[in-house]
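One letter stands for each residue in the lines below.
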Amino acid sequence: MTVVPFVSRADAAEHAVWLSALNEAAATRLPGVSVRPLTCLDAGARSETSVVIVADPDPGELARLPKLQWVQSLWAGVERLVAQLPDPSVAIVRMRDPELARTMAEAVLAWTLYLHRDMPAYRAQQKARIWRQLTVKQPGDVTVGVLGLGVLGRRSVQSLLANGFQVQGWSRSPVAIDGVACFAGQDGLHHVLAQADIVIVLLPLTPQTRGLIDHQAFSRLKPGASLINFARGPIIVEADLMVALDEGRLQHAVLDVFDREPLPQDHPYWIHPAVTVLPHISAPSNPATASRIAIDNVAHYLETGVIPDSVDRQKGY
Ligand SMILES: NC(=O)c1ccc[n+]([C@@H]2O[C@H](COP(=O)([O-])OP(=O)(O)OC[C@H]3O[C@@H](n4cnc5c(N)ncnc54)[C@H](OP(=O)(O)O)[C@@H]3O)[C@@H](O)[C@H]2O)c1
């Protein structure tokens, strides 16, 4: 029986869910192979291990594998792995799952509609027993700016277009997407920030995107614009976001990701009337579909020796 190790700092319940899903996928695609916690392998097996499946692994555990060639992450965001596995000879393969993209597109649409149909305002009105009808805007009169046009951004753009919104997008390299005004570079970012009624952040966290949405970026926003961050907390400068909200330049922020998670109990976001706090839930990896993709990648590697497309260490994503 060949064993593929799994390394994760998930709690016992989540660990068990992943192990079960991975073994179910292996039973179909890789009979004779089982996925076990790395701790179950003896010293000899560890010294021969070339691939590991990971979900927030302890980097110390991976450092003790002399023949490690690549890791398959069950998550889409890999900034921590990039930082914690500095050896460029170990390839990092991130999760690219259409089901994850669908889930993110669903969250993007749900929270775009939440802002578009003034749900924060109606919630506040109900609390104060105020009966006031706000003007209903048409989606075609609303511009949504999507920062990041990768796997998740592109799928989200499609659901926004299908629901009638005007969509603009921004990415590192110029791209063309039907029905979307696409921009790149610093000027492109400024253009999208100035045009968008709702800005959605779907960028990876890299040295270039850390702190990207700062005081200067907020000052370029269209007055009354709102922001959704479903990517990573440190892309936005928290103190600058608070100032933009308090000065009324930013109308509302829907935040799913933060500098520190869980969000500390005394953080001002919790009680700010113009902030909606979500507990990093916009698009969790789906154990069944992600496991099938991970096992497929491992199977292809075991059959051919080919490591799947991996993170570009220079770009950091
Ligand atoms: N909150 C959650 O539950 C959750 C779940 C999953 C993922 N995420 C986050 O979502 C992020 C995006 O995922 P993805 O799969 O869509 O990533 P992806 O496929 O790698 O796409 C990244 C996009 O961002 C663009 N980009 C990167 N650096 C840039 C820069 N400096 N300036 C402008 N554009 C830049 C890329 O441009 P190019 O096309 O030119 O390379 C690409 O369009 C992940 O990294 C993760 O952190 C969050």
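Notes on the structure follow. (Residues numbered from 1 in each chain as written. Predicted model: local features only at pLDDT ≥ 70, side-chain atom pairs only at ≥ 80, totals over all residues. Heavy atoms only, no water.)

**So, the overall build of the protein chain**
Within the protein chain, the secondary structure is distributed over 11 helices and 12 strands. The globule rule puts the C-alpha radius of gyration for 317 residues at 20 Å, and the 21 Å found for the protein chain is close to it. Expressed along its principal axes, the backbone C-alpha trace of the protein chain runs to roughly 70 × 40 × 35 Å. Taking all 317 residues of the protein chain together, 49% fall into the buried category. Nonlocal contacts in the protein chain, meaning residues at least 24 apart in sequence, comprise 62% of its contacts between residues at least 6 apart. Charged side chains in the protein chain number 28 positive and 31 negative. The centres of these two groups are separated by 3 Å. (Helix = DSSP H or I, 4+ residues; strand = E, 2+ residues; numbered from the N terminus. Rg over C-alpha atoms; globule rule 2.2 N^0.38 Å. Buried < 20%, exposed > 50% of the residue type's maximum accessible area, 1.4 Å probe, protein only. Contact = heavy atoms within 4.5 Å. Lys, Arg positive; Asp, Glu negative; His and termini not counted. Charge placed at Lys NZ, Arg CZ, Asp CG, Glu CD.)

**So, the sheet that holds strand E3 (residues 51–55)**
Pairing in this open sheet of 5 strands is parallel, and the strands run E2-E1-E3-E4-E5 from one edge to the other. Each of the sheet's edge strands pairs with one partner strand only, and the pair in question is strand E2 (33–37) and strand E5 (91–93). If you compare each strand with its neighbour and ignore which way they point, the axes differ by 30° on average. In this sheet, strand E4 (residues 70–73) lies alongside E3 in parallel orientation, the contact comprising 4 bridges. Across the sheet, the residue bridging to Val-52 is Val-71, located in E4. Across the sheet, helix H1 (residues 12–29) touches strand E1 (2–8), E2 and E3, and the angle it forms with E2 is around 170°. (Pairing = 2+ DSSP bridges. Axes fitted to C-alpha atoms, helices over the stretch in contact; angles between N-to-C directions.)

**Here's the deal with helix H8 (residues 185–195)**
Where H8 is concerned, the buried positions are Gly-188, Leu-189, His-190, Val-192 and Leu-193. Considering only its buried residues, H8 is in contact with strand E6 (143–147), strand E7 (166–171), strand E8 (180–184), strand E9 (198–201) and helix H9 (215–220).

**Thoughts on empty space enclosed by the protein**
For the structure shown, the criterion picks out 1 cavity of 30 Å³ or more. Of the volumes computed, that of the largest cavity is approximately 40 Å³. Lining of the largest cavity is provided by Asn-229, Gly-233, Ile-236, Glu-238, Leu-255, Val-257, Phe-258, Asp-259 and Tyr-269. Grouping the constituent residues of the lining of the largest cavity by class yields 5 nonpolar, 2 polar and 2 charged. (1 Å grid on protein atoms, 1.4 Å probe; cavity = no way out; pocket = protein on both sides within 12 Å on 5 of 7 lines; lining within 4 Å. Points joined across faces, edges and corners; volume = space filled by probe spheres on them. Nonpolar A, V, L, I, M, F, W, Y, C, P; charged D, E, K, R; others polar.)

**Observations concerning the site of the ligand**
Taken together, the neighbourhood of the ligand is formed by 28 residues, with Arg-94, Leu-149, Leu-152, Ser-173 and Tyr-317 sitting nearest. Within the side chain of Ser-282, a nitrogen or oxygen atom sits 3.0 Å from a nitrogen atom of the ligand. Its free accessible area being 940 Å², the ligand has 91% of it covered by the protein chains. Elements with a minimum of two residues in the shell around the ligand: helix H7 (151–162) and E7. At 3 residues, the largest contribution of residues to the shell around the ligand is made by H7. Classifying every residue of the shell around the ligand by side-chain character gives 14 nonpolar, 10 polar and 4 charged. Two domains each provide a minimum of three residues to the shell around the ligand, namely domain 1 (2–97 + 285–304) and domain 2 (98–277). (Near = heavy atom within 4 Å. Polar contact = N/O pair within 3.5 Å; in protein donor to acceptor, adjacent residues only side chain to side chain. Areas by Shrake-Rupley, 256 points an atom, 1.4 Å probe, with all protein chains shown as cover. Domains from an automatic or database assignment.)

**A closer look at H1**
Structural remark: α-helix, 3.6 residues per turn; residues separated by three or four positions point the same way. For H1, which comprises 18 residues, the first-to-last C-alpha distance of 26 Å matches the rise-based estimate of 26 Å (1.5 Å per residue) to within 8%. Of all the positions in H1, only His-15, Trp-18, Leu-19, Ala-21, Leu-22, Ala-25 and Ala-26 are classed as buried. Structurally, H1 contributes buried residues whose contacts are with E1, E2, E3 and helix H11 (287–304). (Expected span 1.5 Å × (residues − 1).)

**A word on the layout of surface pockets**
Empty space within the second largest pocket amounts to approximately 320 Å³. Around the second largest pocket sit 18 residues that line it, and Leu-115, Lys-137, Gly-224, Ser-226 and Gln-251 are the ones nearest its centre. Elements with a contribution of two residues or more to the lining of the second largest pocket: helix H5 (98–116), helix H6 (119–127), strand E10 (225–229) and strand E11 (250–255). Of the residues belonging to the lining of the second largest pocket, the class tally is 8 nonpolar, 5 polar and 5 charged.

Nothing here speaks to function; it is all geometry.
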